[in-house]
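# What the coordinates show
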Amino acid sequence: MSTPNQQRREERHGRSNKVNARNVIRRNGHSHHNITPNISPRSDNSRSENNRNGSISSEKKAVCRATQRDISRPAMAVLHAAGRRSTRKSRRKGKSSRNARARLYKQGYHRGYDEGVRQGQSSFGLVFEGVSIIIPTYNQREYVLQCVSSIEKHTPAPFEIIVVDNASKDGTAKAMLRKGGMVRVAVLDQNRGFAGGVNHGLMMARGRHIIVLNNDTLVTPGWLDNMMTCLASDPKIGVVGPVTNYIGGDQQIEVPYREVEEMWSFAATHNRPDADKHRITDRLVGFCWLFSRELLERVGYLDEGYAVGNFEDDDWIIRVKLAGYQLAVAGDAFIHHFGSVSMKALGEQDFAVVNKDNEQFYRQKWGDPHVLVAETSRLAKQQTSGTLSGQQEDRDTSTIDPRQQISTQGSQDPALQFRHSYDFYPEGSFLSDAKGDVYTLTGGRRRKLNIPVPRGISPVQVAKPDLLAIPAGEALISAGEVHGWPMEAQQVQNKGIQGSPHVLTEGSIVTAVDAPEVRYQISGGKRRRFVSVYASERWGVRSGHMISVSADQLNSMEEGWPIIAPPQLFNPDL
């Protein structure tokens, strides 16, 4: 039995042990929080001991309660402060990471953009071995969407689609821009009509071959392959068209279907390759043309003098035939044509007015185009070398950009006498491009004026490709080298006519006494007839330039290439 003194010593010793235990727990508790944020009032040891003994001793409960009172509030404060610091650090790291990624993205974007510009500049003017399909459209969103979808589905050959939107108001541009893929979209600020829309697409085209296609068409399986086979079958063939259910001329065929859904099975059967269905024709309607880039460079753009549409396709086809090409129909290539939906949208009265005005302009420009084509073919047959003396002798094409020297099978055959548009321009005339650079056409060469344009000279604007196609000569650097054209009649007469009175001054404009409406230019000792009064006026010829001579005097001279009017171009980018 303990004495009272011994009991008091044991009590003091017990209290001391409890105080020491609390101090240890406080120290350990704070140390624990600094290491492990998610602290639990119960340690793993207490849980395991509880499992072993089934209960917690009262002393341990007291220790736990004391521990909770002493550490709960300070521990929570430490936890929250650490959490805030951790969050701020995390946010700073996240923001820094995002900024770094943004900088890398911008750097990559600019590098990619610069590389794209470089490649675009280096590839400008180059072509790809495929077909550029040009579709002009105006307020016909659903039709053009169907047309593009049919091309994508039924054209296995490499191609690009160029949709030229003539300032439509029905959402056509947005719908086309969403298509992406091989569809390129040009959105014009005003309705430039069929000719203007096609010309803009021709300017954008990169393909070795080109197709002009109406927006209200559906192409069918085998359409392009069969047309390409027809084009390649004879180097004299320049333009190929398909057959269809709705069009003028001999391209229209009888079809058994009434609904579009029934058309596909008919087309699948009809489009089986059959060269016996290929035939030469005299006219191709512009709802679908296939031709080579070489032909485009020889013939040039469509004439934008035709308002909205109609007759501009006939105009272009005349120039194709004057260049020496033939036309063909691929009878084994059928496409569906809904039929002039853009023109019908004008209304019957407006359509009649447009059609009448365009027909009048066509006749004013060409006179009798059938006679013109026949006479030009006859002249071509008389040329044994394919050149005309005084106009195309010894042409050096070494100065032409190699990318412009795009040839097909036909251009390599010396027996084929394909011509350029400038072969039908008057000698000594002045030409300009949209930028204002001025050239004179002399001896079949373009000579740039590196001096201010002399007073009294009014250059005629032509497309840049037409100018580039003309072999370059030496630039003119002195005003004394520039001779006005056309020359005034009084100026020609003052020069006098050397030798025989039957020899007419080079470059003079003459008419027969008994046919004053027919005008000629004397060039290279030959008489070159302006195909119409309009053609002569487009080149600046007026009554004060003309000299009247006898019909016998004119007829005694050899005949040269006719002179035609250049197409009107309203797009400054051409």
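What comes next concerns the included structure. (Residues numbered from 1 in each chain as written. Predicted model: local features only at pLDDT ≥ 70, side-chain atom pairs only at ≥ 80, totals over all residues. Heavy atoms only, no water.)

This brings us to the overall build of the chain. Along its length, the chain carries 17 helices and 18 strands. Here the chain, with 574 residues, has 43% of them falling under the buried criterion. Summarising the internal contacts of the chain: among those between residues at least 6 apart in sequence, 78% fall at separations of at least 24. Carbon and sulfur atoms provide 50% of the accessible area of the chain, an area that totals close to 30400 Å². (Helix = DSSP H or I, 4+ residues; strand = E, 2+ residues; numbered from the N terminus. Buried < 20%, exposed > 50% of the residue type's maximum accessible area, 1.4 Å probe, protein only. Contact = heavy atoms within 4.5 Å. Areas by Shrake-Rupley, 256 points an atom, 1.4 Å probe, with all protein chains shown as cover.)

This part takes up the sheet that holds strand β12 (residues 445–448). Taken in spatial order, the four strands line up as β12-β11-β10-β13 in an open sheet, and their pairing is mixed. Pairing within the sheet leaves two strands with one partner each, and these edge strands are β12 and β13 (460–461). Across four bridges, strand β11 (residues 438–442) lies against β12 in antiparallel orientation. Across the sheet, T442 pairs through a bridge with R445, a residue of β12. (Pairing = 2+ DSSP bridges.)

So, about the packing of helix α10 (residues 312–322) against helix α13 (residues 369–382). Contact geometry of α10 with α13 gives a least axis separation of 9 Å together with a crossing angle of 15°. Classified by the interaxial angle, the pair formed by α10 and α13 is roughly parallel. Considering the relative orientation of α10 and α13, their crossing is right-handed. Across the interface between the two elements, I318, K321 and L322 from α10 touch P369, L372, V373 and T376 from α13. Tallied by class, the residues present in the contact of α10 with α13 amount to five nonpolar, one polar and one charged. (Axes fitted to C-alpha atoms, helices over the stretch in contact; angles between N-to-C directions. Parallel < 35°, antiparallel > 145°, perpendicular 65-115°, else oblique. Left-handed = near helix turned anticlockwise from the far one by under 90°. Nonpolar A, V, L, I, M, F, W, Y, C, P; charged D, E, K, R; others polar.)

With that out of the way, let us pick up the pattern of salt bridges. Across all of its chains, the model carries 19 salt bridges by this definition. One salt bridge in this structure joins K179 and E152, with 3.2 Å as the shortest N-O distance. Of the two residues, K179 sits in helix α5 (residues 172–179) while E152 sits in helix α4 (residues 141–154), which places them 27 residues apart along the sequence. Overall, the relative accessible area of 37% leaves E152 in the partly exposed class. R363 serves as the salt-bridge partner of E359, at 3.4 Å between the closest nitrogen and oxygen. With E359 and R363 both in helix α12 (residues 348–366) and four residues apart, this pair spans about one turn of that helix. (Salt bridge = Lys/Arg side-chain N within 4 Å of Asp/Glu carboxyl O.)

Take the nonpolar core next. Ranked by size, the top nonpolar core spans 40 residues in total, and within it L202, V239, W289, F291 and W316 carry the most contacts. Setting aside residues up to four positions removed in sequence, F291 forms contacts with L202, H209, I210, V212, L231, G238, V239, L296 and W316. Counting residues in each nonpolar core, the second largest holds 31 residues, with W223, L224, L290 and A330 among its members. (Core = buried A, V, L, I, M, F, W, Y, C linked by side-chain atoms within 4.5 Å.)

Take the pairing of strand β3 (residues 183–187) next. In this sheet, β3 lies alongside strand β2 (residues 159–165) in parallel orientation, the contact comprising five bridges. Considered in β3, the bridge of I161 is made with V183. Crossover handedness for the path β2 to α5 to β3: right-handed. (Right-handed = clockwise from strand over helix to strand, strands pointing away.)

These figures capture arrangement, not role.
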